[in-house]
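Structural overview
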Amino acid sequence: MSRNIAEAARKFLLLGQCVPTVKQNATKIRVKRLELDENLLMYFRKDEFYYCHDPDQKCKTGDIVLIQSLPRKLTKLITHEVKEVVYPFGDITDPITNKKVAKERYREDIEKEAEIYGKLKSGFDYNKALPRGWQDGKKDFTSKPTYTKFHVFDENDPYAI
């Protein structure tokens, strides 16, 4: 019974994290699941990887995305499609309250505290921070094509996985 429910759930929407891949027009999504060990009666984490059709390249490495099963497979590997980017990598949002978070505190609380006690000149201002992607080509290489490293060379290549 539970096996049928798990298989049916895979056909609908899944939430996962985008990981680096070498495929063109596709993204690799890691979906975390809990699997019951019937001997120990404990749940253990099991990662499943899905290749998703993403021709617009909406998601970058680290984004949390919503994926849906395709009615018909595009290729042998590509079985799902990216519906939307739920949480982009970088700005952490609490899923229950939809408030922005910095470490373990809400940003609103940090700003209120700064108003009460006085704001430091050295304090970080999240409202003036530039959006993700402004360092493309400088320090952020997530938009660059990656490839699988088959040989070990003396030089360390940042684009290899």
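Residues numbered from 1 in each chain as written. Predicted model: local features only at pLDDT ≥ 70, side-chain atom pairs only at ≥ 80, totals over all residues. Heavy atoms only, no water.

An unreviewed UniProt entry lists the chain under the name Small ribosomal subunit protein uS17m, from Vanessa tameamea. Under the Sequence similarities (unreviewed entry) heading, UniProt states for the chain: "Belongs to the universal ribosomal protein uS17 family." (UniProt positions renumbered as here; feature names shortened; annotations may be inferred.)

Thoughts on the pairing of strand S3 (residues 42-53)
The sheet contact formed by strand S2 (residues 26-37) and S3 spans 12 bridges and is antiparallel. Across the sheet, Glu 35 pairs through a bridge with Phe 44, a residue of S3. As consecutive antiparallel partners, S2 and S3 are separated by 4 residues, and within that stretch Leu 41 has a phi angle of approximately 55°, a positive value. As judged from the 3 bridges shared by S3 and strand S5 (residues 78-87), these two strands associate in the parallel manner. Residue pairing across strands places Tyr 51 opposite Ile 78, the latter belonging to S5. (Pairing = 2+ DSSP bridges. Helix = DSSP H or I, 4+ residues; strand = E, 2+ residues; numbered from the N terminus.)

Notes on the pattern of salt bridges
Per the counting criterion, the structure on display carries 7 salt bridges. A salt bridge links Glu 48 to Arg 33; its shortest N-O distance comes to 3.0 Å. Of the two residues, Glu 48 sits in strand S3 while Arg 33 sits in strand S2, which places them 15 residues apart along the sequence. Taken together, the salt bridges that share partners define one network made up of Arg 33, Glu 35, Lys 46 and Glu 48. (Salt bridge = Lys/Arg side-chain N within 4 Å of Asp/Glu carboxyl O.)

Focus on the nonpolar core
Nonpolar side chains in soluble globular proteins generally cluster together in the buried interior. Counting residues in each nonpolar core, the largest one holds 10 residues, listed as Leu 14, Cys 18, Ile 29, Val 31, Tyr 50, Cys 52, Cys 59, Val 65, Ile 67 and Val 82. Mapped by element, the contributors of at least two residues to this core are strand S1 (13-19), S2, S3 and strand S4 (64-69). Every residue in contact with Cys 52, bar those within four places of it in the chain, is listed here: Asn 25, Ala 26, Thr 27, Ile 29, Ile 67, Ile 78, His 80, Glu 81 and Val 82. (Core = buried A, V, L, I, M, F, W, Y, C linked by side-chain atoms within 4.5 Å. Buried < 20%, exposed > 50% of the residue type's maximum accessible area, 1.4 Å probe, protein only. Contact = heavy atoms within 4.5 Å.)

So, the packing of aromatic side chains
If you walk through the whole model with that rule in mind, you get 1 aromatic pair. Just above the ring of Phe 49 sits the side chain of Lys 28; from NZ or CZ to the centre is 5.0 Å. Here the basic side chain of Lys 99 rests over the ring of Tyr 106, its NZ or CZ set 5.1 Å away from the ring centre. (Phe/Tyr/Trp six-rings, centres within 6.5 Å; stacked < 30°, edge-to-face > 60°. Lys NZ or Arg CZ within 6 Å of the ring centre and 35° of its normal.)

Examining the sheet that holds S2
Ordered by their spatial adjacency, 5 strands build a closed barrel running S1-S2-S3-S5-S4, and the pairing between neighbours is mixed. Sheet twist, expressed as the mean angle between neighbouring strand axes with direction ignored, is 50°. Of the pairings in the sheet, the one linking S4 to S5 comprises 6 bridges and is antiparallel in character. Within S5, the position partnered with Ile 64 by the bridge is Tyr 87. (Axes fitted to C-alpha atoms, helices over the stretch in contact; angles between N-to-C directions.)

Structural notes on the confidence of the model for the chain
For the chain, mean pLDDT is 83; residues scoring 70 or higher make up 81% of the total. Within the chain, no element has a lower average pLDDT than helix H1 (residues 2-10), which sits at 64, and none a higher one than S3, at 94. (pLDDT = per-residue confidence, 0-100.)

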